[in-house]
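Spelled out, the chains give:
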Protein chains: 2
Amino acid sequence: MKLIRVVAAGVLLALAATAQAQTDPLSSWNDGPAKQAIVAFVKDTTTQGGANFVPAEERIAVFDQDGTLWVEQPMYSQVMYVLSRVADVVAAKPALAKQEPFKTVMSGNREAIAKLSMPDLEKILAATLTGMSVEDFESQVKDWLESAKDPRWQRPYTELTYAPMQELLAYLAENHFQTYIVTGGGQDFVRVYSQATYGIPPERVVGTMGGTKYGYDAAGKPFLTKEPKLLLNDNDAGKPQGIHLMIGRRPVAAFGNSTGDRQMLEYTKAGGGARLAMLVLHDDKEREYAYGPAQGLPATKVGVFTPALYDQAQKQGWIVISMKNDWRKIFSFEEER
Amino acid sequence: MKLIRVVAAGVLLALAATAQAQTDPLSSWNDGPAKQAIVAFVKDTTTQGGANFVPAEERIAVFDQDGTLWVEQPMYSQVMYVLSRVADVVAAKPALAKQEPFKTVMSGNREAIAKLSMPDLEKILAATLTGMSVEDFESQVKDWLESAKDPRWQRPYTELTYAPMQELLAYLAENHFQTYIVTGGGQDFVRVYSQATYGIPPERVVGTMGGTKYGYDAAGKPFLTKEPKLLLNDNDAGKPQGIHLMIGRRPVAAFGNSTGDRQMLEYTKAGGGARLAMLVLHDDKEREYAYGPAQGLPATKVGVFTPALYDQAQKQGWIVISMKNDWRKIFSFEEER
């Protein structure tokens, strides 16, 4: 009898330990300060009767996308998309092949492409992202996503999301947070895959916004055409502006990785009560990339995690997530180490 | 024994009838074609396995506000707000009292006010709706809502919502529709009371949108200032444009009452599968107002339910709700008739 009891107790303990490991919603995170800050914040804001309790409808959490939820090197995925679309645009209008800036893009000369002027880039964006119906745009992006592959991992871009951030999105959703993407990328572009890739529906994607035009086809059926009219550049100060426009509430948690997210994190932190602001630091050259403060980039460089941003994070209590130290794995297809 | 059985059966029948009456989610609607169309549409789109089943996440229902969810006569509530704010603006800057267009507004001469030019109106809108932080704007609107009263019913504007439409909002929400307000009114204005008045959170209010500016106060705390920069006029073709911008999905149901809602209803109806488009007809002078086709207004008159809109409704299968015939009561404070 005694032996049976001991065995039974052992089995129960083993089962309990397994259950606990299985139910850790942040199992890809090492038990460091970043994970502890997340768990403490969620407990703090969801404990009924606590001083920092936040009603479910006000639990707004905003996430930058490129470099925060998925890989942004060597180029933003949307830039890869635009470059690939140029070929289709030129195929449809062959005369463009001899005209700049299309000629340069078609040459494939990366150095020359990188040197294109802002008006030239605008011409390319207008030609590839506007002029079609919103439905045609959606199917063009879907087609590309199905065939395009990241040059390093040779996988679809939508597989290159960070597993720990996916866990964080799910953990917050389970705790009745409303998670939003707030991206400098095109709002309509990200909406095409946000539900399938992140479980975030299109209405919870805030991005750089363009206008549309209402019209009718030959059969009298109404449709919207994407116009080359910028409504909001959802970067830098545009992020809190976009949040106000699209959500109308100040978030309680914000996650970014570059100077483009600075104002969004400031704005989030400036609200009353418990607030969580975090920055992903790319310091893992082996498993992903190392850039920003990890590489000692000059403070003036924009669009990345600069030393100045690192200093501001220290001063304002934003928590820096070290990919190298805080994440047991980067991608879902990778083994934990 | 037999008597007891008869009595028991009678009691049970009475209880059942009471229960049914209590649980009819559209009890303020008469059992006419409008109510039947709503119930049939909801059954059709929510029946698993049915040909017209719509997954919950795609059940987007959009509602115009003024004249559709609440009273819009004799003036839009927001116009009343703006006129009342002029007094505060002039009190803060007394020199304005002698300048047009403020002088005319302060005179209280309704005829003269109605004749103000568009640039004059824009000056008034800029002075009353912009230049303050988004938080200050919110408290100004809240203060006004608490004190202002409709001239006819002598009640706060937020009590002048239509009881049958409130039931419809609740009925759709119970059936896992996401209800949105899509209004020509100011997005930030309607957001102030949308949750308390309609149970619709601020992020589900689409309206006429203005830009904001990001800045810092003396203590370095960031805030957003409302700017006199129009991003989208959410009327007419602006409604489907606003829906695409803010929601990113085509609605399956749309409700309006004027030519400003025409394109929203067309756009909704043009999607595949079951779609519901309805227009509220103001034909009840006694209990509310009678205007539009009920008064034989000319077809060229904009912003109201014109005879041309009535014709389009007949042709395209939009259902006209007669306030007089379809609604057992108009307001929650009123007895059913």
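To start, this report covers the structure provided alongside it. If you're wondering where the values come from, they're calculated on a predicted model, not measured in any experiment.

1. Focus on the overall build of chain A
The secondary structure content of chain A amounts to 14 helices and seven strands. Dimensions of chain A along its principal axes, counting C-alpha atoms only, are 85 × 50 × 40 Å. Each of the 337 residues in chain A was classed as buried or not, and the buried ones make up 52%. Within chain A, counting contacts between residues at least 6 apart in sequence, those at least 24 apart form 65% of the total.

2. Notes on the sheet that holds strand β4 (residues 222-232) of chain B
Residues and elements named next belong to chain B. Taken in spatial order, the seven strands line up as β4-β3-β2-β1-β5-β6-β7 in an open sheet, and their pairing is mixed. For this open sheet the edge positions go to β4 and β7 (319-322), each flanked by a neighbour on one side alone. Put simply, the sheet's adjacent strands are angled 35° from each other on average, direction ignored. Two strands pair when backbone bridges link them, and strand β1 (residues 60-63) and strand β2 (residues 178-186) are joined in this way by four bridges, in the parallel orientation. Bridging from a neighbouring strand, V62 pairs with Y180 of β2.

3. Examining the packing of helix α11 (residues 238-246) of chain A against helix α9 (residues 187-198) of chain B
Closest axis-to-axis distance for the α11 of chain A/α9 of chain B pair is 10 Å, and the angle between their directions is 60°. Classified by the interaxial angle, the pair formed by α11 of chain A and α9 of chain B is oblique. Residues H244, L245 and M246 of chain A of α11 of chain A touch α9 of chain B, and the partners they reach there are Q187, D188 and R191 of chain B.

4. Considering the packing of aromatic side chains
Within this structure, the stated rule accounts for 36 aromatic pairs over all chains. The interplanar angle of 45° and the centroid separation of 5.4 Å between the aromatic rings of Y162 of chain A and W327 of chain A together place this pair among those described as tilted. Residue Y162 of chain A is located in the loop between α7 (134-147) and α8 (163-174), and its partner W327 of chain A is located in the segment after α14 (323-326); the two are separated by 165 residues in the primary sequence. Take W327 of chain A: its relative accessible area is 0%, and that puts it in the buried class. Consider the rings of W144 of chain B and Y157 of chain B, whose centres lie 5.3 Å apart with planes at 15°: the pair is stacked. Of this pair, W144 of chain B sits in helix α7 (residues 134-147) while Y157 of chain B sits in the loop between α7 and α8 (163-174); the two residues are 13 residues apart in sequence, bridging distant segments of the chain. Residues W144 of chain B and Y157 of chain B agree in their burial class; the two are buried. Each residue in the set W70, Y81, F137, W144, Y157, F189, Y193 and Y198 of chain A is aromatic and connected to the rest through ring pairs, giving one cluster. One Lys or Arg, R250 of chain A, reaches over the ring of Y267 of chain A and ends 4.2 Å from the middle of that ring.

5. Overview of unusual backbone geometry
Residues and elements named next belong to chain A. Note that the residue after E100, namely P101, is joined by a cis bond; omega there is 0°. Looking at the element boundaries, P101 is found in the loop between α3 (77-92) and α4 (102-107). You will see that H176, though not glycine, has its phi angle at about 65°, which is positive. Within the secondary structure, H176 is located in the loop between α8 and β2 (178-186).

6. Describing the pairing of strand β6 (residues 276-281) of chain A
All names here are of chain A. The element β6 is largely enclosed, with a buried count of six among its six residues. A two-sided burial pattern is seen for β6, the buried positions comprising L276, M278 and V280 on one face and A277, L279 and L281 on the other. Between strand β5 (residues 253-256) and its parallel partner β6, the chain crosses via helix α12 (residues 262-269), and the hand of that crossover is right-handed. Two strands pair when backbone bridges link them, and β6 and strand β7 (residues 319-322) are joined in this way by four bridges, in the parallel orientation. Looking at the pairing, L279 lines up with V320 of β7.

7. So, the sheet that holds β2 of chain A
Residues and elements named next belong to chain A. The strand order β4-β3-β2-β1-β5-β6-β7 describes an open sheet built from seven strands, whose pairing is mixed. In the strand order of this sheet, the two ends are held by β4 (222-232) and β7, each with one partner. Between one strand axis and the next, the sheet turns by 35° as a mean value, whatever way the strands run. Running over the sheet, α11 touches β1 (60-63), β2, β3 (205-216) and β4 and is turned about 55° from β3.

8. Section: the interface of chain A and chain B
On the side of chain B, 37 residues touch chain A, which itself brings 37 residues to the contact. Roughly 3,000 Å² is buried in total at the junction of chain A and chain B, and carbon and sulfur atoms are behind 53% of that figure. The tally of links between chain A and chain B comes to four salt bridges. Notably, a salt bridge pairs R249 of chain A with E203 of chain B, separated by 3.1 Å at the nearest N-O pair. For the pair chain A and chain B, the number of links is 22 residue pairs in polar contact (both at pLDDT 80 or more).

9. With respect to the environment of V89 of chain A
All names here are of chain A. Residue placement: V89 occurs in helix α3. With relative accessibility at 13%, the residue V89 sits in the buried group. C-alpha separation for the pair V89 and V304, spaced 215 residues apart in sequence, amounts to 31 Å. When sequence neighbours within four positions are dropped, the list of residues in contact with V89 reads L96, A127 and T128.

10. Describing the relation of the copies chain A and chain B
What relates the pair of chain copies is a rotation about an axis plus a shift along that axis. Expressed as a screw operation, the relation of chain A to chain B combines 0.0 Å of axial shift with a rotation of 180°, fitting to an RMSD of 0.0 Å. Taken together, these values place the two copies in the relation of a two-fold axis. Comparing contact sets, 100% of the residues at the interface of chain A also lie at the interface in chain B, consistent with an isologous, same-surface contact.

11. A look at the packing of α3 of chain A against helix α6 (residues 118-129) of chain A
All names here are of chain A. Where α3 meets α6, the axes come as close as 9 Å, and the angle between the chain directions of the two elements is 75°. Taken as axis vectors, α3 and α6 run roughly perpendicular relative to one another. Contact residues: Q78, Y81, V82, R85, V86 and V89 in α3; I124, L125, A127, T128 and L129 in α6. The residue makeup of the contact of α3 with α6, split by class, is eight nonpolar, two polar and one charged.

12. Looking at the pattern of salt bridges
Residues and elements named next belong to chain A. Overall, the coordinates contain 26 salt bridges over all chains when judged by the stated rule. Between E159 and R155 there is a salt bridge, with its nearest N and O atoms 2.8 Å apart. For E159, a relative accessible area of 33% puts it in the partly exposed group. Since its relative accessible area comes to 28%, R155 is described here as partly exposed. Between R262 and E266 there is a salt bridge whose closest N-O contact spans 2.8 Å. Here R262 pairs with E266, and both are found in helix α12, just four residues apart, close to one helical turn. Take E266: its relative accessible area is 7%, and that puts it in the buried class. Here the residues in one salt-bridge network are D64, K239 and D261, joined through shared partners.

Cut-offs and rules
Residue numbering note: each chain is counted from 1, following its sequence as written. Lettering for chains starts from A, numbering for ligands starts from 1, and both go in the order in which the items are written. Whole-chain, interface and lining totals are the exception, using all residues; otherwise, since this is a predicted model, local features are given only for residues with pLDDT of at least 70 and side-chain atom pairs are given and counted only at 80 or more. As a convention, hydrogens and water are excluded, and side-chain values are obtained from all of the structure's heavy atoms. Helix and strand definitions follow DSSP, with helices as H or I runs of at least four residues and strands as E runs of at least two, each counted in order from the N terminus. Buried residues are those whose accessible area, probed at 1.4 Å on protein chains only, stays under 20% of the maximum for their type, while exposed residues exceed 50% and partly exposed ones sit between those limits. Contacts are assigned to residue pairs that have any heavy atoms within 4.5 Å of one another. Paired strands are those between which DSSP finds at least two bridges. Each axis is a line fitted through C-alpha atoms, taken for helices only over the stretch in contact, and angles between the N-to-C directions span 0 to 180 degrees. In what follows, roughly perpendicular refers to angles from 65 to 115 degrees, roughly parallel to angles under 35, roughly antiparallel to angles over 145, and oblique to any angle outside these ranges. Here the aromatic set is Phe, Tyr and Trp, taking the six-membered ring for Trp, and pairing holds for ring centres within 6.5 Å; pairs whose planes are under 30 degrees apart are stacked, those over 60 apart are edge-to-face, and all others are tilted. Two limits define a charge over a ring: the Lys NZ or Arg CZ must be within 6 Å of the ring centre, and within 35 degrees of the ring normal. Whether a crossover is right-handed depends on one test, that the path from the first strand over the helix to the second runs clockwise when the strands point away from the viewer. Buried area counts how much accessible surface, traced with a 1.4 Å probe, disappears from two parts once they are put together, with both parts' losses summed. By definition here, a salt bridge exists when the distance from a side-chain nitrogen of Lys or Arg to a carboxyl oxygen of Asp or Glu is within 4 Å. Any pair of nitrogen or oxygen atoms within 3.5 Å is treated as a polar contact; in protein, a donor-acceptor pairing is required on top of that, and neighbouring residues in sequence qualify only through side-chain atoms on both sides. Superposing the copies works by least squares over the C-alpha atoms of residues that have pLDDT at least 70 in both of them. The nonpolar class holds Ala, Val, Leu, Ile, Met, Phe, Trp, Tyr, Cys and Pro. Asp, Glu, Lys and Arg form the charged class, and all remaining residues, Gly among them, are polar.

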